[in-house]
Amino acid sequence: MAGLEDLKKEMIAPAAEPAVVREPKKDKFGRAYATGRRKDASARVWLKLGSGKMTVNGIDIEKYFTRPVLRMIINQPFEVTNRVGQFDVIVTVSGGGLSGQAGAVRHGVSRCLDNFEPELHTALKRAGFLTRDPRVVERKKYGKAKARRSYQFSKR
């Protein structure tokens, strides 16, 4: 019976294990890398300490994403973590349209920040920036004009 009592004591007061501390993932140049995806777009993102300069496919972000809403989407991870203007970002994005590409860049920037500073993980996760948005275009079905739209019904 002594064995059962020992088990009960262990179950009541388990041994405290130290929390897992994640290390930053940087290359020899001090950059963090991550891939972001949204719809059909995928973005490769490099992040390093700097003055806040962002280039997308070799073009300045204001010229590539001309709509302010798209630039706002991309800057959301920096605003949530209070890191606006502290990092230089270099992005290569392909596939999809501008809105999907902006979402892919946001996802990639969030994952880069998580790799660069692991203590930002909880703030980015709570904001939902580390999760890939699974919504994609529904496929066209046979007998339909589009994915769900039927052809016009004619009585006569």
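Residues numbered from 1 in each chain as written. Predicted model: local features only at pLDDT ≥ 70, side-chain atom pairs only at ≥ 80, totals over all residues. Heavy atoms only, no water.

Asks: How do you make sense of the side chain of Ser110 when you look at a structure like this?
Replies: Structurally, Ser110 can be placed in helix α4 (residues 98-116). Aside from chain neighbours lying at most four places away, what touches Ser110 is Pro77, Leu124, Phe129 and Leu130. (Helix = DSSP H or I, 4+ residues; strand = E, 2+ residues; numbered from the N terminus. Contact = heavy atoms within 4.5 Å.)

Asks: Can you walk me through the packing of helix α3 (residues 68-80) against α4 in this structure?
Replies: The geometry of α3 relative to α4 is characterised by a closest axis approach of 8 Å and an angle of 10° between their N-to-C directions. As summarised for this structure, α3 and α4 are arranged roughly parallel, according to the angle between their axes. Between α3, through Leu70, Ile73, Ile74, Gln76, Pro77 and Phe78, and α4, the contact on the second element is made entirely by Leu98, Ser99, Ala102, Val105, Arg106, Val109, Ser110 and Leu113. (Axes fitted to C-alpha atoms, helices over the stretch in contact; angles between N-to-C directions. Parallel < 35°, antiparallel > 145°, perpendicular 65-115°, else oblique.)

Asks: I tried to follow the side chain of Arg71 on my own but got confused; where do I start?
Replies: By the secondary structure assignment, Arg71 is in helix α3. For the buried residue Arg71, which engages in no salt bridge, the nearest side chain bearing the opposite charge is Glu62, 4.5 Å off. Discounting chain neighbours no more than four positions away, the residues touching Arg71 are Ile61, Glu62, Phe65 and Thr66. (Buried < 20%, exposed > 50% of the residue type's maximum accessible area, 1.4 Å probe, protein only. Lys, Arg positive; Asp, Glu negative; His and termini not counted. Salt bridge = Lys/Arg side-chain N within 4 Å of Asp/Glu carboxyl O.)

Asks: Where do I start with unusual backbone geometry in this structure?
Replies: Across residues other than glycine, the phi torsion is negative in most instances, and most of the peptide bonds are trans. Not every positive phi belongs to a glycine, and Lys39 is a case in point at roughly 55°. Of note in the backbone geometry, Asn82 takes a positive phi value of approximately 55° without being a glycine. With respect to the helices, strands and loops of the structure, Asn82 is situated in the loop between α3 and β5 (87-94). Note on Asn82: relative accessible area 60%, which makes it exposed.

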